[in-house]
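So you can see what is in the structure, the chains are spelled out below.
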Amino acid sequence: MASLLETDATGLNELALQYKTIHTIASRCGVFAKADVQPLLSEGARKEDVAMSIFQAVVNQTIAGLACGKQITGQVTFLGGPLHFLSGLRQCFVETLHLAPENVVPAPHAHAMVCCGAALHGRKRAPMPLQFLERRLERLAASPDAGAATVSRLQPLFANDEEIAAFRKRHASHTVPRAELAAAAGPLFLGIDSGSTTNKLVLIDDSGRLLDCFYACHQGKNLRNAVDAVIDLLKRVDATPGTFIAGSGVTGYGEGLLQAALRADVGVVETVAHLRAARFFQPDADFVLDIGGQDMKSMRIGSDGVISSICLNEACSSGCGSFIQTLTTSLGISLTEFAQAGLVSKAPIDLGMKCTVFMNSRIKAAQKDGVSVEDMSAGIALSVIRNALFKVIRLSSVDNMGQHVVVQGGTFLNDSVLRALELILKREVIRPDIAGHMGAFGAALEARDMWQARRGAAAAVAVDSRVPSPDSTPPATEEQSGMLSLAELTALEWDSAARRCGKCTNNCLLSVHTFKRGSGAGAGEHIAGNRCERGLGDAAREAVSQIPNMFEWQRKRVFTYRPLPTAEATRGKIGFPRALNFFDEFPLWEAVFSALKFQVILSNESSDRVFNEGMDTIPIESECFPVKMLHGHIANLTQSLHVPVVFFPSVPFRTREDSNVTFQYRYGSHPVYYTCSLISGYHNVLRHMPLHGAKLLHPVVPLFDPKSASVKLHEALVEVFADITPAEVAAAMRLGYTALARYRAEVRAKGEEVLRTMEEKKMGGFVVACRPYHLDPFFSASIPNLLTCAGYAVLTADAVEHIGRPVNIPQKFINMTLFDARILNAAKAVCVRQDLALVHLVSFGCSISPETDEEIHVMMTLYNKPHCCIKLDQNTNLGAVRVRIRSQVAAVDRQRAALVGRPSPPPPPMPVFKPIGSSANKVPRNKKLLIMNFSEEHAIYYAMGFNTAGYDCHTCPDFNVAQYSEVALRYVHPDCCLGVTLIIGMWLCALATPEFPPDKTDVMWIHMGGSCTAPRMPWFARDAFDKAGYTKVTIHSLDCSATTNPGFTLGQSLRINMGLTYGDALSQCVQRTRPYERVPGSVNKLRDEWFQRISEHVKHGKILRFSRLLHQLVHDFDTIPLRTEEHDKPRVGLVGIMCKGDPVTYKWILNFFEEEGCEVTPFIFTQYSECAGYYNIINNRSLAPDRAKWFGGKAATFVIGRFRAPLVDAFNNSRRFYHIHPIEEYEKEALKYLDTCHQSGEGWITLAQLLHCLNNGINNIVLMTPFMCLPIHVTGEGILQAIRKDYPQMNICVLTFDSSATFTNQLNRMKLMLGVMKDKAKAPAQLPPLCKLSDIEDLLAAKKDGEAPAPGGCTACGGSCSVAAGAGSDGCPVISGKQQEAEQAAAAVV
């Protein structure tokens, strides 16, 4: 961050202390923050304000993210280098936490406090001579490449020098026509590209020849830098007789600011400028890829020269160019040197293809391992390109890139990056020699085209990309540009200020620049930071108010109700958070509670202030921002509005509103959709949130069944309001359903009215398709206002989705949630109307949106409709969003202009998508059946269960997470949770091996049902297999929660369950006894013997012998000789979905703790399969009656329970093994913390296993979760604080696995847990007093001066050996006895 402000950390602090205003900067991670900081600097925000805003983002991340809901109160001390040296950062913490001076504990040497802790920890160990430590350090320094072998490597960019020479020669031929400025004559045209990190200027003549150019990093001073560059250029133009500036164009992040300051003729959308330059350079270009300092852009171009689709990166894939620049600065070498180093790399490091935060972590780890600059440079180049192709563009086939690919942007001046692209694409591309200037070149061409159009020399290029100058000065004449002259530019001065708009609830913080241009040039003003037109003045507001905006209308309609007067509200106040599902359901609940004589109070509208009220109660850093905002609304109701009761229900299902053929799920006789797993389950987190004396009502309400909904609502209300009767609630619910139906009808009627208005005024419209809570302007980033400012009507998905219901467009994926169904129906409506286009909004961290995004992409491509998906977070700066919206508007304008006067095109031929094989389809026995790999004790028995029925079933070969993900992310949406990526990666890796030929292999997916991604996995796999060319592979889906699976027999199910129970027994027995075995290897020997016996029994044995054999297994391990029967080793429990989803990582973690001297308790697999059927019993009790599901659940639970009963009996009657219980007992424990009807992911069973460990005295827990797993937000991390209150001895390590997470990061977390574990296992000891840094300094100084140890003998043996005499350590009997062992340990560390 400091480098962006052209300073260091100390300078950043000095700037922050002079701040006046704090801007909102995203605090999720450094990449998101950078995406906000750079546009702020481009718009001219004061560096002082930006510096303090960066500090505030760090504070917000700590409180809202890292603290995980643990409030920071009491005595607080600030440790670490940043908090020690940066007083501005400390000030931010103190002010945000409202700390009184007496609550701030000063810490001397705070930057070295961890060193002091290490020294104190070392006092508990045997003394070590300083000479021995020095020898260790010398050996480490002498072997810089010792750890390099642990880094994954890739193939080099070039095989030899000849390839490098040929590469350079080929790309040296791609040049633009040039001429000397001194030889030019006549009109000249200036193009300016003010980017996120650099300014670029280009000067051309009327034939397009390049006369002059400029390229420099502006370091946040883009206006000053650009003005100076233009002045310098105009001086050279004035010195050339017969030349003049006839036109000027501006593009890039700073377009608006520079256009207002310089009075440029035209502002050009970035994408249009880059396309214009690419087509000038290569008229046949059909694909353009641009990678700049902050952004990536790709454009597909149709045969008519019009952009057919645009892809722009989101925050997570941003900053690649500036990241490389910052890295080279830290390494002390130039960008050119760094790029050339990559060309000669012999083994590039593999950095994955995630964001630059993950990339930076891997680079830090690689630097520690001694990786060379050459290998680092080539690895970064490959990572940047893989990120662009597979994350941003989501490229599944090279053919989709077109035949003529043009690359541009400053990052492609890096030859290593260019070569990486050609290697991955396996084709040659074209890089203009002015790749870094292409945006400015395109702006200059646009300015030239406008000038030629004025003079009638050429047809006008479409005007969609041109934004008229906001100045009131006269436009350019036929010959001269309207840009400021050299004298006016020299006299140009400006002032910058920040002010609050105050004209709507957004209360935007505006950056206002006032320009003074000298005599006769007039003044000007530029306003940035506005989310709507109100900040631009009354005239703009009046013009936009004439354009329909259903976002604003629907938001007001859903919440505009007058609460009952206090006198009539006999039951008092009840609060509703203005968040999540209430943006859709509030009309129902308002009618219900008003009828029950409550005064309904809404929380205040979303704002930074509301968010900050609940920021310190957010338990999970990675959840989506709308859910984080919910905490602020709850706190606002309880702390600011003092509402005594808050209502937030769980609504797991909603009535299905359409005839969806892809998802025919019914609850009883009711066709239903699932709701988001957070919306349906987050009440379990809120119930543990501090409510300051208020009561939270959180009933589970089956809205799809009015009768059951009334019953469940009454059961919840009567606990607080005893006088409420069932009849009252039933009557109120009827009114509520009527109110909800009326609201939905009004929304549809309003949508039809807007469509009629569009037809009458021949106006275009955008459907902004999103979930209802994006109606909140705090989330939607005022995108609807940007569209209305462009002259387009705005409709919501709810307003037009009924039009799309009857449209028959095949769907590639299954859709299971209500809000996504509405979005897809709205997309169908867009497809069949020429006057509509679509913008899709999603929240960052939403892992249920990828299939909707993919489906929309397929539909829009089929109907040749421009579209874009914008990912939103706590990111309030509109710089990048404006680029996307203006690019979308430009593409729509061009398409509408091309269709004028033409008849409507016929419907395109509908695609045919290969169906998924359900459990009702019998699996062919002549093909291999591939299932995912579980833990080694369970997967083999799963396969055996299928093989006994005549199948040829196999588990996937073992690879690691990085290998699985690397393959899968080429074909799977990058926003899918790691579970989806991991399983599909397993299958793809297996199908690529000779053992599993695709034409002779099928795959089987086994899941538990519910509302997470698991039931939708086969559709993602089908899509990935088709893209990878595995079209003959059939995917079979087995739903363990289904009441019937006709494709499988009872015998198969029995043998599978028998095998899984054996697996549980064997894994529990081995892990309990192996750490204590008296004879090394005896437990593994017994395990192998039993593995063979179990395998034979699962394959051929009689099921009736199962119980006896299981008891014998437990007896054998119960009697094997151990060195002790006591648990004298620390015990660790492994729980979480990744225990069974990633066997390689699971085994690595298990072995790590065993090698560290721990006893590991593995997860119990059969609880997952038993829970799948048991859900039907829970739902029948907690939601609504469904006899068929209840009976199926009972039958499944009975069958699995019959197999688990011998295991329960054997363990509970053993001497050594932990007691296990029936599933009903585990549910009873879990009910203390959540509602068990929350069926998503692994559901409540993960919590049950965690509690099982704690109740058995296993206080050290490793919770293994995949990245972007929504259910674990609720059933895992979301309630850890509540569990810790009841189990204060719990020591938990949450490992979140991601394809780019570093091994070092995970290892450090486990080592931290291990350190705490071992400290707790020891008896409390009196710590010595805190050592002073001066003591260490004196010791080092003494050694440096060659002084002998202090009198008193050797500190190791206590005698007068050679150490005491200062002659070395070899003569000490204690040291020499341990030296070899210590040196081996040191080598292992290396």
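As the structure is a prediction and not an experimental result, all values here were calculated from the model.

Chemist: Before we move on, can you summarise the overall build of the protein with the specific residues and values?
Modeler: Within the protein, the secondary structure is distributed over 51 helices and 32 strands. Per-residue burial for the protein yields a buried fraction of 60% across its 1390 residues.

Chemist: Could you give an account of the sheet that holds strand 8 (residues 307-312), with specific residues and numbers?
Modeler: Taken in spatial order, the four strands line up as 8-7-6-9 in an open sheet, and their pairing is mixed. The sheet is open, and its two edges are formed by strand 8 and strand 9 (405-408), each paired on a single side. When the angles between neighbouring strand axes are averaged without regard to direction, this sheet yields 15 degrees. Sheet topology note: the strand 6 (residues 287-291)/strand 7 (residues 296-301) ladder contains five bridges and is antiparallel. Paired with Asp290 across the two strands is Lys297, which belongs to strand 7. Here helix 15 (residues 373-392) sits on the sheet and contacts strand 6, strand 7 and strand 8; the angle it forms with strand 7, its principal contact strand, is near 55 degrees.

Chemist: Break down the packing of aromatic side chains for me, with residues and values.
Modeler: For the coordinates displayed, the defined rule picks out 35 aromatic pairs. Taken together, a centroid distance of 5.9 Å and an interplanar angle of 85 degrees make the contact between Phe653 and Phe704 edge-to-face. Taken as a pair, Phe653 in strand 17 (residues 653-655) and Phe704 in the loop between strand 20 (695-697) and helix 26 (706-717) lie far apart in primary sequence, 51 residues in all. Overall, the relative accessible area of 2% leaves Phe653 in the buried class.

Chemist: So what about the sheet that holds strand 17? Which residues, and what values?
Modeler: With antiparallel pairing, three strands are arranged side by side in an open sheet as 17-19-18. Every other strand in the sheet has two partners, leaving strand 17 and strand 18 (666-667) as the edge strands with one partner each. Looking at chain direction, strand 17 and strand 19 (residues 670-674) are connected through three bridges and run antiparallel. For Phe653, the partnering residue across the bridge sits in strand 19 and is Tyr674.

Chemist: Explain helix 43 (residues 1166-1182) to me, using residue names and the numbers behind them.
Modeler: For helix 43, spanning 17 residues, the distance from its first C-alpha to its last is 24 Å, which sits close to the expected 24 Å at 1.5 Å a residue. Within helix 43, the axis deviates most sharply at Gly1173, by approximately 35 degrees. Burial analysis of helix 43 places 16 of its 17 residues in the buried class, which makes it a mostly covered element.

Chemist: A description of unusual backbone geometry should follow, citing residues and the corresponding values.
Modeler: A positive phi angle, close to 55 degrees, is found at His98, a residue other than glycine. When its relative accessible area of 71% is taken as the criterion, His98 is described as exposed. One non-glycine residue, His642, lies in the positive phi region at around 55 degrees. Examined against the element boundaries, His642 turns out to sit in the loop between helix 23 (625-640) and strand 16 (645-647). Here His642 falls in the exposed class, since its relative accessible area comes to 58%.

Chemist: Explain a positive patch on the surface to me, and be specific about the residues and the numbers.
Modeler: Where like charges cluster on the molecular surface, the positive patch consists of Arg1093, Lys1102, Arg1105 and Arg1108. Relative to the helices and strands, Arg1093 is located in helix 39 (residues 1082-1100). On the accessibility criterion, Arg1093 (35% relative accessible area) is partly exposed.

Chemist: Describe the packing of helix 45 (residues 1223-1230) against helix 46 (residues 1245-1255), and please don't skip the residues or the numbers.
Modeler: Put simply, helix 45 and helix 46 touch, their axes get as near as 9 Å, and they point 90 degrees apart. The pairing of helix 45 with helix 46 is recorded here as roughly perpendicular in orientation. Within the contact between the two elements, helix 45 uses Tyr1226, Glu1229 and Ala1230 and helix 46 uses Leu1247, Ala1248, Leu1251, His1252 and Asn1255. Tallied by class, the residues present in the contact of helix 45 with helix 46 amount to five nonpolar, two polar and one charged.

Chemist: Give me the pairing of strand 27 (residues 1001-1007): which residues, what numbers.
Modeler: Most of strand 27 is tucked away, with seven of its seven residues classed as buried. Because side chains alternate across strand 27, one face comprises the buried residues Thr1001, Val1003, Trp1005 and His1007, and the other comprises Asp1002, Met1004 and Ile1006, equally buried. Examined bridge by bridge, strand 25 (residues 928-931) and strand 27 share four bridges and lie parallel to one another. Across the sheet, the residue bridging to Leu929 is Asp1002, located in strand 27.

Chemist: Describe the packing of helix 27 (residues 726-761) against helix 30 (residues 797-804), listing the residues and the values that go with them.
Modeler: Between two packed helices, both the angle of their axes relative to each other and the distance between the axes serve to describe the pair. Taken N-terminus to C-terminus, the directions of helix 27 and helix 30 make an angle of 85 degrees; their axes are 7 Å apart at the nearest point. As the angle between them shows, helix 27 and helix 30 are arranged roughly perpendicular. Across the interface between the two elements, Arg744, Val747, Arg748, Gly751, Glu752 and Leu755 of helix 27 pack against Asp798, Ala799, Val800, Glu801, His802 and Ile803 of helix 30.

Chemist: Which residues make up the pattern of salt bridges, and what values do they have?
Modeler: Using the criterion set out here, one finds 46 salt bridges in the structure. A salt bridge links Glu552 to Lys556; its shortest N-O distance comes to 3.7 Å. Residue Glu552 and its partner Lys556 are both found in helix 20 (residues 550-559); the two are separated by four residues, about one turn of the helix. Note on Glu552: relative accessible area 24%, which makes it partly exposed. Judged by its relative accessible area of 46%, Lys556 is partly exposed. Among the ionic contacts, a cluster of salt bridges with common partners joins Asp584, Glu585, Arg654, Glu657, Arg744, Asp798, Glu801, Arg805 and Arg822.

Chemist: I'd like a rundown of the side chain of His437, residues and numbers included.
Modeler: You can see His437 is positioned in the loop between helix 16 (415-425) and helix 17 (438-455). A distance of 3.3 Å separates the side chain of His437 from the backbone oxygen of Phe214, its partner in a polar contact. Not counting residues within four places of it along the chain, the set of residues in contact with His437 comprises Lys200, Leu201, Val202, Cys213, Phe214 and Tyr215.

Chemist: Kindly report on the nonpolar core, identifying the contributing residues and their values.
Modeler: In terms of nonpolar packing, the biggest core is built from 147 residues, with Phe946, Phe1117, Phe1153, Trp1244 and Ile1283 touching the most fellow members. Per-element accounting of this core gives the leading share, 11 residues, to helix 36 (residues 978-991). Dropping the residues within four chain positions of it, Ile1283 is found in contact with Tyr1233, Leu1247, Leu1250, Leu1251, Leu1254 and Met1290. Membership of the second largest hydrophobic core comes to 111 residues, among which are Phe582, Leu602, Leu697 and Val754.

Chemist: Tell me about the pairing of strand 7, and please be specific about residues and values.
Modeler: With six of its six residues buried, strand 7 lies for the most part within the structure. In the sheet, strand 7 pairs with strand 8 via five bridges, with the strands oriented antiparallel. Each residue of the ladder has a partner; that of Arg300, found in strand 8, is Ser309.

Chemist: Lay out the side chain of Ser780 in plain terms, naming residues and giving numbers.
Modeler: Turning to its location among the elements, Ser780 is positioned in helix 28 (residues 777-780). Exposure remark for Ser780: the relative accessible area of 2% places this residue in the buried category.

Chemist: Give me helix 45: which residues, what numbers.
Modeler: For an α-helix the count is 3.6 residues per turn, leaving residues at separations of three or four pointing the same way. Buried residues of helix 45: Ile1223, Tyr1226, Glu1227 and Ala1230, and no others. All buried residues of helix 45 lie within an arc of 100 degrees about the axis, which places them on one face of the element. Contact partners of the buried residues in helix 45: helix 43, helix 44 (1187-1212) and helix 46.

Chemist: How would you explain the confidence of the model for the protein if you had to name every residue and give the values?
Modeler: With 83% of its residues at a pLDDT of at least 70, the protein reaches an overall mean of 80. Low pLDDT, under 50, characterises residues 144-149; the stretch is placed with nine contacts to residues that sit more than four places away or in other chains. A low-confidence stretch, residues 1382-1390 stays under pLDDT 50, and its non-local contacts, those more than four residues away or across chains, total 10 contacts.

Chemist: An account of a nonpolar patch on the surface is requested, with residue identities and associated values reported.
Modeler: Together, Met128, Leu133, Leu137 and Leu140 make up a nonpolar patch on the protein surface, roughly 340 Å² of accessible area in all. Along the chain, Leu137 falls in helix 7 (residues 130-142).

Here is what the cut-offs are and how they apply
Residues numbered from 1 in each chain as written. Predicted model: local features only at pLDDT ≥ 70, side-chain atom pairs only at ≥ 80, totals over all residues. Heavy atoms only, no water. Helix = DSSP H or I, 4+ residues; strand = E, 2+ residues; numbered from the N terminus. Buried < 20%, exposed > 50% of the residue type's maximum accessible area, 1.4 Å probe, protein only. Pairing = 2+ DSSP bridges. Axes fitted to C-alpha atoms, helices over the stretch in contact; angles between N-to-C directions. Contact = heavy atoms within 4.5 Å. Phe/Tyr/Trp six-rings, centres within 6.5 Å; stacked < 30°, edge-to-face > 60°. Expected span 1.5 Å × (residues − 1). Bend = angle between axes of the 7 residues up to and from the residue. Patch = residues over 30% accessible without salt bridge, like charges linked within 9 Å, V, L, I, M, F, W, Y side chains within 5 Å. Areas by Shrake-Rupley, 256 points an atom, 1.4 Å probe, with all protein chains shown as cover. Salt bridge = Lys/Arg side-chain N within 4 Å of Asp/Glu carboxyl O. Lys, Arg positive; Asp, Glu negative; His and termini not counted. Charge placed at Lys NZ, Arg CZ, Asp CG, Glu CD. Parallel < 35°, antiparallel > 145°, perpendicular 65-115°, else oblique. Nonpolar A, V, L, I, M, F, W, Y, C, P; charged D, E, K, R; others polar. Polar contact = N/O pair within 3.5 Å; in protein donor to acceptor, adjacent residues only side chain to side chain. Core = buried A, V, L, I, M, F, W, Y, C linked by side-chain atoms within 4.5 Å. Arc of directions from axis to C-beta. pLDDT = per-residue confidence, 0-100.

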